[in-house]
Amino acid sequence: MAVQPVVYGNSHRPPRGDYERANADYTCTQDWAQYTEQDHDTFRRLYQQQLSRLPGLACDAFLSALPSMELGRGIPRFGDINQRLRQATGWEIVAVPGLIPELAFFELLARRRFPVTDWIRTPAEFDYIVEPDVFHDLFGHVPMLFNPVFADYVQRYGEGGLKAHALGAGELLARLYWYTIEFGLIRQADGLRAYGAGLLSSPAELAHSVQSPSARRIGLDLVRCMRTRYTIDSFQATYFVIDSLDQLIDMTAPDFAPLYELVRAAGDLSAAAIQASDVEITSGK
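The paragraphs below set out a description of the structure included in this document.

Parameters at a glance
Residues numbered from 1 in each chain as written. Predicted model: local features only at pLDDT ≥ 70, side-chain atom pairs only at ≥ 80, totals over all residues. Heavy atoms only, no water. Helix = DSSP H or I, 4+ residues; strand = E, 2+ residues; numbered from the N terminus. Rg over C-alpha atoms; globule rule 2.2 N^0.38 Å. Buried < 20%, exposed > 50% of the residue type's maximum accessible area, 1.4 Å probe, protein only. Areas by Shrake-Rupley, 256 points an atom, 1.4 Å probe, with all protein chains shown as cover. Lys, Arg positive; Asp, Glu negative; His and termini not counted. Charge placed at Lys NZ, Arg CZ, Asp CG, Glu CD. 1 Å grid on protein atoms, 1.4 Å probe; cavity = no way out; pocket = protein on both sides within 12 Å on 5 of 7 lines; lining within 4 Å. Points joined across faces, edges and corners; volume = space filled by probe spheres on them. Nonpolar A, V, L, I, M, F, W, Y, C, P; charged D, E, K, R; others polar. Expected span 1.5 Å × (residues − 1).

Some details on the overall build of the chain
The number of helices and strands found in the chain is 12 helices and 6 strands. Over its C-alpha trace the chain gives a radius of gyration of 18 Å, about what one expects of a compact globule, namely 19 Å for 285 residues. For the chain, the C-alpha atoms occupy an extent of roughly 55 × 45 × 40 Å along the three principal directions. By the burial criterion, 55% of the 285 residues in the chain qualify as buried. Surface accessibility of the chain: about 12,600 Å² in total, with carbon and sulfur atoms responsible for 53%. Positive and negative side-chain charges of the chain, numbering 26 and 35 respectively, have mean locations separated by a distance of 3 Å.

Comments concerning empty space enclosed by the protein
Tallying each qualifying case throughout the model produces 1 cavity of 30 Å³ or more. Space inside the largest cavity adds up to approximately 50 Å³. Phe114, Gly140, His141, Met144, Leu145, Phe150, Val154, Ile181, Tyr195 and Ala197 together form the lining of the largest cavity. For the lining of the largest cavity, the secondary structure elements donating two or more residues are helix H5 (134–141) and helix H6 (148–166). Among the residues forming the lining of the largest cavity, the class breakdown is 8 nonpolar, 2 polar and no charged.

Points about H6
Residues spaced three or four apart along an α-helix point in a common direction, a consequence of the helix completing one turn every 3.6 residues. The end-to-end C-alpha distance of H6, which contains 19 residues, comes to 28 Å, matching closely the 27 Å that a straight helix rising 1.5 Å per residue would cover. For H6, the complete set of buried residues consists of Phe150, Ala151, Tyr153, Val154, Gln155, Tyr157, Gly158, Gly161 and Ala164. Taken from the residues just after H6, Gly168 is the one with a positive phi, measuring 70°.

Focus: the layout of surface pockets
Reported here for the second largest pocket is a volume of approximately 250 Å³. In terms of lining residues, the second largest pocket is bounded by 16 residues, among which Arg156, Gly160, Lys163, Thr252 and Pro254 are the most central. Sorting the residues of the lining of the second largest pocket by element identifies H6, helix H7 (170–182) and helix H12 (257–266) as the ones contributing at least two each. Broken down by element, the residue count for the lining of the second largest pocket peaks at 6 residues, all from H6. A class-by-class count of the residues in the lining of the second largest pocket yields 10 nonpolar, 2 polar and 4 charged.

Here it is in structure tokens:
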């Protein structure tokens, strides 16, 4: 029996991707031969465009790992990347047909397996796509998995996700993923930089998040973060900033069960909410 497609947020169209070929854990085989020359050209152009926008905006850990990906020639074979990634941090990437359920996602991360969507956007979607495609996942997420500290954080997140799912707190933990792994900012000695995949793979929001005076940036606090709803179809109203990747490890060490109770008692905040305790961080050094 085929697994079922997944929808997150409000959508009026079915998810893209061929879920008929997925295994029970939602992984599938990357059919590299099915990519057309147009697909490879789209990937190359996306890569060159985003590469030119990284200086002064992407964090050092991302920039140092990106050459290991060897993405300039087109859509790579996942097995080639895995040879280098396993050696660096013990992670591997696995193909999936598209978005996958929360529990399946947590289980893969807990085993140091990162799901990568294997289809590529059309040329008409070059500058914006609703669902993550192979470019978003490979360019945005995978380079940071070459960093041992961040790689450990993502595995720890997956392990915590399994516990959160059992406690009915998956949505709260998903907000931490959104505001760190997808849209996180880090304060380096030379200023703010992006480490989140949603920013690093975005042609417009990357510069906005780091440089725009209209972007709200506050220090990452777990309760504040988990109380904050997020938007999926526009720039983020709030970005959370860390001082080091080690901070992510330290923050996820304690048991989150009491934290979920605090978050539920405090209630949700809108993405644009301002709290008296918020300390805004400028884009300067």
